[in-house]
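Given next are the chains, with one letter for each unit.
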Amino acid sequence: MNALAATNRNFRHAARILGLDSKLEKSLLIPFREIKVECTIPKDDGTLVTYVGFRVQHDNARGPMKGGIRYHPEVDPDEVNALAQLMTWKTAVADIPYGGAKGGIGCNPKDLSMSELERLTRVFTQKIHDLIGIHRDVPAPDMGTNAQTMAWILDEYSKFHGHSPAVVTGKPIDLGGSLGREAATGRGVVYATEALLAEHGKSVSDLTFAIQGFGNVGSWAAKLIHERGGKVVAVSDITGAVKNRNGIDIEALIKHKSESGSLRNFQGGDTIDSDELLVHDCDVLIPCALGGVLNRENATDVKAKYIIEGANHPTDPEADEILFKKGVVILPDIYANAGGVTVSYFEWVQNIQGFMWDEEKVNKELQRYMRRAFNDIKMMCKIHDCSLRMGAFTLGVNKVARATLLRGWEA
Ligand code: NAP
């Protein structure tokens, strides 16, 4: 099932549980705006290449739309649409005053030089600058993009609209980025894990972890789990996976990856097949790479008792059902990876106020938001006797539906 069909299915299930009016339900599914642009740039060798960029603005009932921009060869409009919708529910679950959006360019950033990436980002910004904005739609990094990408967007946008640091989040600190933003999604994943484990009378230091993806989210989650005494027994990136049942030295792995560019040839563990990571023997599995990686082909073989969705939409609905029946507890993406957008919100607030917070305050507030959202989800699970995923969906959808009705929605 593709990402959009899966996201729509979860939304409809939540709408049924909430007893939403059918017209309101239909209207909440339809995106506010879908943008497609052709970005033609000269490559370093002088040849012209065209890349297709998308921005889907899903809903703005609760505030400006918010969501990452992804550079990946498999970016497609349906997936961007699904991810934009997930952002709408996610910002509501986190209780931050935003709607949802998502963007992407179909390209492989690893095949582009820095100057080609800069040209592509600037052309994309030129094409969408009048549709984004501080109180309209605020992009952030996602897979394949980073603080430097946001710096180029900020610079290009500011040429049209004047200096506007709050138009993007996840910026470099020197351009108004927030302390703690780079680590925020991974840190939020760990705060979410701690909240769940505490419910079950456990802590990170008691358990073993397998993490798929060693980029921004995966490496920060691994580092913070390792710091708390949790045993990270397997990690993967696109080039392969490494395991060590005594626990991988995460600091050494981060150093190895930053020096060699991949996890390959790491001496502190044994190499395993990438796909094996998802079914590796561990207590907690944290997918932090692509969508749809847990599906009906591998769900039965998953050994973890807990799955924390660091990535967006890593669990296909069929896998969700299989895992639920197996008794695996899943913390859904719209809660588990909300740390990034939460600190993005703090960054936006700091930019608008012109007042920087220290890192301690950022992390403390993040923990408070993550704990509050967990308690709110638990409350919905209790009221509706449902899974954590439906607890999160009903929480988010209900808030957006209420805001829509209060604004004076009419069918
Ligand atoms: P990233 O920095 O680009 O890292 C992605 C990681 O996934 C990389 O380590 C990559 O390997 C790895 N990967 C890609 N394909 C893989 C495969 N087939 N098997 C194993 N690993 C694979 O991206 P990110 O920002 O961490 O985002 C990861 C996920 O979290 C995405 O689903 C994203 O939407 C979600 N998310 C991110 C944020 C955020 O603030 N960044 C916020 C919320 C949600 P290489 O290192 O070898 O390229």
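Predicted, not measured: the structure shown is a model, and the values here were computed from it.

Topic: the environment of arginine 372
Here arginine 372 is to be found in helix H12 (residues 359-384). For the pair arginine 372 and glycine 133, spaced 239 residues apart in sequence, the C-alpha to C-alpha distance is 29 Å. Beyond its immediate chain neighbours, meaning those up to four positions away, arginine 372 contacts Ala94 and Asp95.

Focus: the pattern of salt bridges
For the coordinates displayed, the defined rule picks out 28 salt bridges. Arginine 62 is paired through a salt bridge with aspartate 95; the nearest N and O atoms lie 3.5 Å apart. Of this pair, arginine 62 sits in the loop between strand S2 (48-59) and strand S3 (65-72) while aspartate 95 is found in the loop between helix H3 (77-93) and strand S4 (100-106), placing the two residues 33 residues apart along the sequence. Residue classification places arginine 62 among the buried positions, given a relative accessible area of 18%. By relative accessible area, aspartate 95 is classed as partly exposed at 32%. Of the charged contacts, one joins lysine 255 and glutamate 259 as a salt bridge, the two residues approaching to 3.3 Å between their closest N and O atoms. Taken together, the residues span about one helical turn, with lysine 255 and glutamate 259 both in helix H8 (residues 250-260) at a distance of 4 residues. Both residues of the pair, lysine 255 and glutamate 259, belong to the exposed class. Each of the salt bridges in this network shares a partner with another, and the network as a whole consists of Glu118, Arg122, Asp155, Glu156 and Lys159.

Some thoughts on the sheet that holds strand S7 (residues 231-237)
Strand order in the open sheet made by the 7 strands is S9-S8-S7-S6-S10-S11-S12, with mixed pairing throughout. The open sheet has two edge strands, strand S9 (270-272) and strand S12 (329-331), and neither has a second partner. In this sheet, neighbouring strand axes are inclined to one another by 20° on average, regardless of whether the strands run parallel or antiparallel. Against the sheet, helix H6 (residues 181-199) touches strand S6 (208-212), strand S10 (284-287), strand S11 (306-308) and S12, its axis set at about 150° to S11.

Thoughts on helix H1 (residues 3-18)
An ideal rise of 1.5 Å per residue puts 22 Å on 16 residues; H1 measures up with 23 Å between its terminal C-alpha atoms. Buried within H1 are the following residues: Ala3, Leu4, Ala6, Thr7, Asn8, Asn10, Phe11, Ala14 and Ala15. Where H1 is buried, its residues touch helix H2 (22-29), H3, helix H9 (317-326) and helix H13 (388-406). Measuring from the backbone nitrogen of leucine 4 back to the side-chain oxygen at the start of H1 gives 3.0 Å, which picks out asparagine 2 as the cap. Phi turns positive one or two residues past the end of H1, at glycine 19, with a value near 70°.

Rules used throughout
- Residues numbered from 1 in each chain as written.
- Predicted model: local features only at pLDDT ≥ 70, side-chain atom pairs only at ≥ 80, totals over all residues.
- Heavy atoms only, no water.
- Helix = DSSP H or I, 4+ residues; strand = E, 2+ residues; numbered from the N terminus.
- Contact = heavy atoms within 4.5 Å.
- Salt bridge = Lys/Arg side-chain N within 4 Å of Asp/Glu carboxyl O.
- Buried < 20%, exposed > 50% of the residue type's maximum accessible area, 1.4 Å probe, protein only.
- Pairing = 2+ DSSP bridges.
- Axes fitted to C-alpha atoms, helices over the stretch in contact; angles between N-to-C directions.
- Expected span 1.5 Å × (residues − 1).
- Polar contact = N/O pair within 3.5 Å; in protein donor to acceptor, adjacent residues only side chain to side chain.

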